[in-house]
Amino acid sequence: MLMDTTNGRCWGNSKKDSWKTTLLLAYQSLGVVYGDLSISPLYVFKSTFAEDIHHSDTNEEIFGALSFVFWTITLVTLFKYVFIVLRADDNGEGGTFALYSLICRHARVSLLPSRQVADEAVSTYKLEHPPETKNSSRIKMLLEKHKTLHTSLLLLVLLGTCMVIGDGVLTPAISVFTAVSGLELSMSKEHHLYAVVPITCAILFGLFALQHYGTHRVGFLFAPIVLTWLLSISALGIYNIFHWNWHVYQALSPFYMFKFLKKTGKSGWMSLGGILLCITGSEAMFADLGHFSYAAIQIAFSFMVYPALILAYMGQAAYLSMHHDFTSKISFYVSVPECIQWPMLVVAILASVVGSQAIISGTFSIINQSQSLGCFPRVKVLHTSDKIHGQIYIPEINWMLMILCIAVTIGFRDTKRIGNASGLAVMTVMFVTTCLTSLVIFICWHKPPIVAILFLLFFGSIELFYFSASLIKFLEGAWLPILLALILMTIMFVWHYATIKKYEFDLHNKVSLEWLLALGPSLGIARVPGIGVVFTNLTSGIPANFSRFVTNLPAFHQVLVFVCVKSVPVPHVPPAERYLVGRVGPAAHRSYRCIVRYGYRDVHQDVDSFETDLVNRLDAFIRYEWSRSYENRNLTGNEEDGSHSGDSSSYRLAVIGTVGFSSQRPCEESVQPASVSIGFPTVESITDVIELEPIERRVRFAADDEPEPSMNQQSELAYRMQEELEDLFAAHQAGVAFILGHSHVQAKQGSSLLKKLAIDYAFNFLRRNCRGPDVFLKVPPVSLLEVGMVYVV
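What counts, and at which threshold
Residues numbered from 1 in each chain as written. Predicted model: local features only at pLDDT ≥ 70, side-chain atom pairs only at ≥ 80, totals over all residues. Heavy atoms only, no water. UniProt positions renumbered as here; feature names shortened; annotations may be inferred. Helix = DSSP H or I, 4+ residues; strand = E, 2+ residues; numbered from the N terminus. Buried < 20%, exposed > 50% of the residue type's maximum accessible area, 1.4 Å probe, protein only. Contact = heavy atoms within 4.5 Å. Areas by Shrake-Rupley, 256 points an atom, 1.4 Å probe, with all protein chains shown as cover. Axes fitted to C-alpha atoms, helices over the stretch in contact; angles between N-to-C directions. Parallel < 35°, antiparallel > 145°, perpendicular 65-115°, else oblique. Left-handed = near helix turned anticlockwise from the far one by under 90°. Pairing = 2+ DSSP bridges. Nonpolar A, V, L, I, M, F, W, Y, C, P; charged D, E, K, R; others polar.

The name that an unreviewed UniProt entry assigns to the chain is Potassium transporter, with the source organism given as Kalanchoe fedtschenkoi. What UniProt records for the chain under Sequence similarities (unreviewed entry) is the sentence "Belongs to the HAK/KUP transporter (TC 2.A.72.3) family." According to the UniProt record, the Function (unreviewed entry) comment for the chain is "Potassium transporter."

It is worth spelling out the overall build of the chain at this point. Check the secondary structure of the chain and you find 24 helices and 11 strands. Within the span of the chain, comprising 793 residues, buried residues form 58% of the whole. Across the chain, contacts joining residues at least 24 apart in sequence account for 83% of those joining residues at least 6 apart. Here the chain displays about 32700 Å² of accessible surface, and carbon together with sulfur accounts for 62% of that area.

Orientation of helix α5 (residues 96–106) relative to helix α16 (residues 415–443), taken along the N-to-C sense of each, is 30°, at an axis distance of 10 Å. Classified by the angle their axes make, α5 and α16 are roughly parallel. Every pair of crossing elements has a handedness; the one defined by α5 and α16 is left-handed. Note on element contacts: α16 touches α5 through Val-432, Thr-433, Leu-436, Thr-437, Leu-439, Val-440 and Ile-443, opposite Thr-96, Leu-99, Leu-102, Ile-103 and His-106.

Bringing the pairing of strand β8 (residues 591–599) into the picture now. The side chains of a regular strand alternate between both faces of the sheet. A large share of β8 lies buried, amounting to nine of its nine residues. Burial of β8 is two-sided: the residues Ser-591, Arg-593, Ile-595, Arg-597 and Gly-599 facing one way and the residues Tyr-592, Cys-594, Val-596 and Tyr-598 facing the other way are all buried. By the bridge criterion, nine bridges tie strand β6 (residues 555–568) to β8 in an arrangement that is parallel. Looking across to β8, one finds that Phe-562 is bridged to Arg-593. Bridging between strand β7 (residues 579–583) and β8 involves five bridges; their strand directions are antiparallel. For Tyr-579, the partnering residue across the bridge sits in β8 and is Val-596.

What follows deals with the packing of helix α14 (residues 341–372) against helix α15 (residues 395–412). Packing of α14 against α15 brings their axes to within 11 Å, and their N-to-C directions diverge by 135°. With respect to α15, the element α14 is oriented oblique. Considering the relative orientation of α14 and α15, their crossing is right-handed. Facing α14, whose interface residues are Thr-363, Phe-364 and Ile-367, α15 presents Ile-397, Asn-398 and Leu-401. Partitioning the contact of α14 with α15 into residue classes produces four nonpolar, two polar and no charged.

What follows is the structure, encoded as structure tokens:
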């Protein structure tokens, strides 16, 4: 098996993974993907029969609950996720943001600034263009036309994201608490009340305290633990079915669901909030798709997890159908034979820890994606593995999750109320996924709208049915995920809104190229040795913070590079396609523009490797530009060499990959398609696409039968290229200074009270208490120059 450390995915040696590789990936997925889903038998029946309904001698309640569990897992997890949603991947990546980025690439509904047409040439910017139907085209135009729908779509995505984070608080609490509650069978009730909560809190504290080591250090233990747990509950289920009541298979008939609701009425409907816990963790199959393959996750669930869960639930139902004296304390452990209760308790606690680890890692991942797309305040992200992409640790989020988990455990002390909260979070995430997938079906897959509508109505109605059962328990715990989502959505939306407004301010206050070219000794402006790296959000034009810098300090560096670090709506940008490099003004000015593109799951470089990489890409770009100038002179006989300010090279950007350029003319066959491409237009505003010059998709080279230029021309061009390269390396030796804007944002006069609260108080509070741009960009303090800027938005 080969691991692609750039994209973080595992691939076999051939285009189609071999069966051996696929089975190995399926085994590994057990510990990462299915930890949460596999431990649901610990608390489903306990939550269902907590108070609302009781287990009677007719067994209609337990058989009805089993029927609901079976069909819920089959329809939602198996049919919806395994066979449909997993196919809606974004270059192999899954999750809420993957669906959003997929939709944004096929329809202009994104609110992210600085979009470029050049981004569509990234190899991972995968687009399919089958013929669109008239109806799907009409719906797509409707979505693109109304900005209110763009905002609504973003709010929907943020809602799903916030509920995933809320689930990261609730899942560790309910899984560990329920596993530890198995001590009730060997303790008195008084001792049990005082023992379970402290033990649960201690395990949770240890779990979060170990997060900074990274999951890869203990990852080899995860799959064997979950596999042992699945085999154990399967064997236990088979034993209980044949030992107590093998007629329990009759409960798989949907008829028992109607009997259940008919007999229990409103109480039965309210108890569905416990039954829906059987599909917690289903979203993890889609969210963790990037670490495995579709076939591996499908095989692992279909042939291992699904049958194990069904057997476990049937075994519990078979035991309870013959034991009505346990009505007051229905739990997983009552169906475990006494001789193996302690081993099962240990395995259950280990499995609950693994399940908790999966959702915690997923929370880190989704917050990292959110901040990459400008939807979350900047936090410190540590990459815990050099080989496995995506394994990250966020200290601030880790300790906040720990505090909230322990607070939930101490505050609720009850599986039912934690289950009510967890159930609401789970169903909200699933409904958001259903809505986004229905958009993918007709916007990206170009299916008839009726197909998307049927998908939305069928699965959406099931999820809303369960959602209503959870929402009715608002005062019994379901208020918690709503409160968490409200707080998180406010933070994320305010941050995103202010980020967009800052970009618009930069766009409207940028300085013209003529102003930059006019700076010189006549105005008292000096050029000092070194490279000045000016960070900006703009993909074109001179940022206002640089004009403020020059106004207050009349000097700038010998080599000037305007760097824009931007996110592209794809999970990964290959390193060979990451850098877009171009000139700002004529070659003699020694000013360049560099756009560094990252996907929402890419690892940002540290400043040392970025500095070296930037100089190498500038070196390659200079060689390429002079080679192109030499080529144009040969083809057209034009004596201009691109040294004039009006030359179109001021607007042209080149994708400079990992392959450098030599001073000799390359042959067309030797060109690396992923390394060089030229002539991409940029987007000048958020809404309007302005093409600065026609797009050229391939580098053009002189034919063999064209006349050779004179030796004087070659020598002149070689001398100028060498002079520019020497200036670059001399500036690099003198040192690199990073120029950043230190911004303060305030609402303009006459703004509404809500906008003033959001900008003047909420955003500035978040900005002061989160990581600064210098920390986020990993700029060393000794090389940092900050320019104060006041943004009036």
